[in-house]
Amino acid sequence: MAISTYAAIDVGSSELSMKIYEISKAKGIHELSHIRHTLSLGSETYSNGLISYQTTKEICTTLNDFKRIMAEFDVTDLQVCGTSGLREATNSLVVLDQIEIQTGFKVEILSNSEARFLYYKALALREKNFETLIENGTLIIDIGAGSIQLSLFHQGCLCVTQNLLLGSSRIQQLLQVMQEEAYDFHALIDEYIEKDLSNFVKLYLDSIQIKSIIALGDMIPEIYYQMNYKWDESKCNKMLNNGKILKELDSTHARQIAPTILLCRKISQLTGCPNIHFSAIDFCDGIAASYAERKYKLLSSHDFTKDIISASENIARKYKVDWEHIQNVQTLALQIFDKIRKLHGLGKRERLLLQISVILHSCGLYIDSIESRECSYRIIMSTEIMGLSHKERVMVAHIVRYNSTAVPPQDELKEDFSKEDYITMVKLNAILRTANVLDKSNHHKIKNVGVSLKDGIMTITADTMADITLEKGLFHRKADIFQEVFGIRPRIKQKHSGKSSHS
């Protein structure tokens with residue numbers, strides 16, 4: 001039986017944390033050790049914008065200590081990740097370089113959506129009742145040092161996710177100058193966080209009753225322990241007012257406890273939901289869950305691909321897209337992708353990126369019909385899509401941006417794409433163009449299509465009684481682009497049976 005001894009290291013905003021696991025297909029993920037070292041990384045980044053030399057040295061010293069511990073456990077594989085504390089520092093590249101030189105570790109910096117997604121993977125893998133919890137009106141609140149992620153699950157799917165800069169450490173850093181003057185510092189924090197949280201509730205939760213809240217994040221395990229594993233308003237007040245409890249904690253943790261508790265309480269009040277379920281998972285668990293999925297195909301029963309599609313569809317609906325047009329183009333685009341699999345050589349992940357590109361390609365019409373593609377690009381670049389990496393979101397944005405105009409040469413986009421990623425983007429863009437032109441008038445004339453490939457010609461059979469002269473005329477120009485990319489000529493053929501066409 002293959003077993004990995006794996007180390008996950010989180011270069012976090014408030015601490016350096018390492019968990020060592022045994023991971024196997026048969027027994028899953030088993031934690032062996034957890035080592036933590038308090039760190040002021042986040043407070044420096046959020047208040048000064050950069051990380052000091054002293055903190056960099058402290059990180060390197062601690063990571064070298066971790067390396068010695070890993071040797072004792074015979075660790076065979078590892079991953080070191082950082083999030084907002086490193087990502088937002090102006091000198092992050094210098095710090096990362098020093099870490100690699102002094103420790104040999106390459107730190108992978110994750111975007112917000114990537115990091116939060118790892119939390120959800122661990123949550124789905126470790127919480128046995130996860131599917132039941134998210135069935136109806138569940139809000140997951142992931143409270144980090146730098147920000148809070150609010151994700152609404154309903155009917156088993158992710159509906160919306162929003163990131164707010166209300167992390168426990170960030171709140172403390174912003175308001176600490178007022179601490180001495182404030183009559184009630186906790187009330188000051190409460191007032192500060194209310195506006196953004198109220199706006200989220202009004203925008204996204206107005207029509208859905210929240211039946212349960214799942215809280216996770218940096219300080220949640222501590223609160224989880226202090227409250228005996230469930231939310232209790234009286235214990236909440238006791239923790240906020242009891243200096244003894246806070247004195248027992250590390251000073252950095254003590255400063256983050258109050259904002260975290262107040263965030264949980266405010267969200268509970270605004271949603272009218274007292275049912276808060278604390279989860280003790282942390283970011284290391286998320287890193288390990290992702291590794292177990294890649295290495296051992298150790299998956300939860302939850303379909304995260306469905307979440308990504310569902311969240312994308314909700315973004316599209318927000319911008320009032322023509323849903324029938326989206327569905328028509330999506331059907332055709334995916335049929336083309338599947339038919340020419342041997343020609344494009346792409347996989348499931350690229351198919352998903354094509355699908356998301358179709359779903360979001362006309363969002364910009366809500367803002368400006370003339371510059372709709374550029375507006376769609378801006379919307380996608382400004383909107384987090386949980387489960388997509390930053391690189392994947394950039395790819396989707398560019399596929400959509402050049403839906404009607406020529407894709408620039410790779411040299412002009414080299415800051416965004418490697419040569420391999422550029423080729424992938426061009427292929428998916430060519431498929432989107434070809435599919436989209438068949439419903440160019442948005443009159444939905446073509447609803448049933450079939451795609452066949454024979455003798456170097458791809459035939460798209462449109463089963464419709466409508467006049468598709470416009471679509472045929474525009475299709476000819478898109479066919480040239482498709483042929484340049486894939487080396488085959490697409491053609492459109494009309495039949496008038498009024499029945500579904502099968503390829």
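Keep in mind the model is a prediction, meaning the values are calculated, not measured.

**Let's talk about the overall build of the protein chain**
Of regular secondary structure, the protein chain possesses 21 helices and 13 strands. By the compact-globule yardstick of 23 Å for 503 residues, the protein chain fits well, its C-alpha radius of gyration being 25 Å. Dimensions along the principal axes, computed over C-alpha positions, put the protein chain at roughly 80 × 50 × 45 Å. Counting only residues that meet the buried cut, the protein chain has 57% of its 503 residues in that class. Counting only contacts in the protein chain whose residues sit at least 6 apart along the sequence, the fraction spanning at least 24 positions is 69%. Approximately 23,000 Å² of the protein chain is accessible, and the part contributed by carbon and sulfur atoms is 48%. Once the 59 positive and 61 negative side-chain charges of the protein chain are each reduced to a mean point, those two points are 7 Å apart.

**Thoughts on the side chain of Ser-147**
Relative to the assigned elements, Ser-147 resides in the loop between strand 6 (138–143) and strand 7 (148–154). Among the polar contacts made by the side chain of Ser-147, one reaches the side chain of Arg-116 at a distance of 2.5 Å. Contacts of Ser-147, omitting those with residues within four sequence positions, involve Asn-112, Arg-116, Asp-142, Asn-163, Leu-164, Leu-165, Leu-166 and Gly-167.

**A few points about helix 4 (residues 92–103)**
Residues lying three or four places apart along an α-helix face the same way, a consequence of the helix completing one turn every 3.6 residues. Taking 1.5 Å per residue as the helical rise, helix 4 with its 12 residues ought to reach 16 Å, and the 16 Å between its terminal C-alpha atoms agrees with that figure. Every buried residue of helix 4 is listed here: Ser-92, Val-95, Leu-96, Ile-99 and Thr-103. Buried residues of helix 4 fall within an arc of 100° about the axis and therefore sit on the same side. Turned more than 90 degrees from where helix 4 packs its buried face, Leu-93, Val-94 and Ile-101 sit exposed. Next to the buried residues of helix 4 lie helix 2 (53–72), helix 3 (84–87) and strand 5 (107–109). Of the residues trailing helix 4, Gly-104 is marked for its positive phi of about 85°.

**What about unusual backbone geometry?**
With a phi angle near 55°, Asp-74 is a residue other than glycine that sits in the positive phi range. By the secondary structure assignment, Asp-74 is in the loop between helix 2 and strand 4 (77–82). The class of Asp-74 is exposed, set by a relative accessible area of 57%. Phi at Lys-320 takes a positive value of approximately 55°, unusual for a residue other than glycine. Tracing the sequence through the fold places Lys-320 in the loop between helix 14 (304–318) and helix 15 (323–339).

**Describing the sheet that holds strand 6**
Overall, mixed pairing links the five strands, which are arranged 8-7-6-9-10 in an open sheet. At either end of the open sheet lies a strand with only one pairing partner, and these are strand 8 (157–164) and strand 10 (276–278). For this sheet, the mean inter-axis angle between neighbouring strands, taken without regard to orientation, is 20°. Here strand 6 pairs with strand 7 via six bridges, running antiparallel.

**Overview of the sheet that holds strand 2 (residues 15–24)**
As summarised here, the arrangement of the five strands in space is 3-2-1-4-5, forming an open sheet in which the pairing is mixed. Two strands in the sheet have a free side with no partner beyond their single neighbour: strand 3 (28–38) and strand 5. Each strand axis lies, on average, 25° off the axis of its neighbour in the sheet, ignoring direction. On the sheet, helix 2 packs against strand 1 (3–11), strand 2, strand 3 and strand 4 and is oriented at approximately 25° with respect to strand 2. Each of strand 1, strand 2, strand 3 and strand 4 touches helix 13 (residues 283–296); the most contacted strand, strand 1, lies at about 140° to it.

The rules behind the values
- Residues numbered from 1 in each chain as written.
- Predicted model: local features only at pLDDT ≥ 70, side-chain atom pairs only at ≥ 80, totals over all residues.
- Heavy atoms only, no water.
- Helix = DSSP H or I, 4+ residues; strand = E, 2+ residues; numbered from the N terminus.
- Rg over C-alpha atoms; globule rule 2.2 N^0.38 Å.
- Buried < 20%, exposed > 50% of the residue type's maximum accessible area, 1.4 Å probe, protein only.
- Contact = heavy atoms within 4.5 Å.
- Areas by Shrake-Rupley, 256 points an atom, 1.4 Å probe, with all protein chains shown as cover.
- Lys, Arg positive; Asp, Glu negative; His and termini not counted.
- Charge placed at Lys NZ, Arg CZ, Asp CG, Glu CD.
- Polar contact = N/O pair within 3.5 Å; in protein donor to acceptor, adjacent residues only side chain to side chain.
- Expected span 1.5 Å × (residues − 1).
- Arc of directions from axis to C-beta.
- Pairing = 2+ DSSP bridges.
- Axes fitted to C-alpha atoms, helices over the stretch in contact; angles between N-to-C directions.

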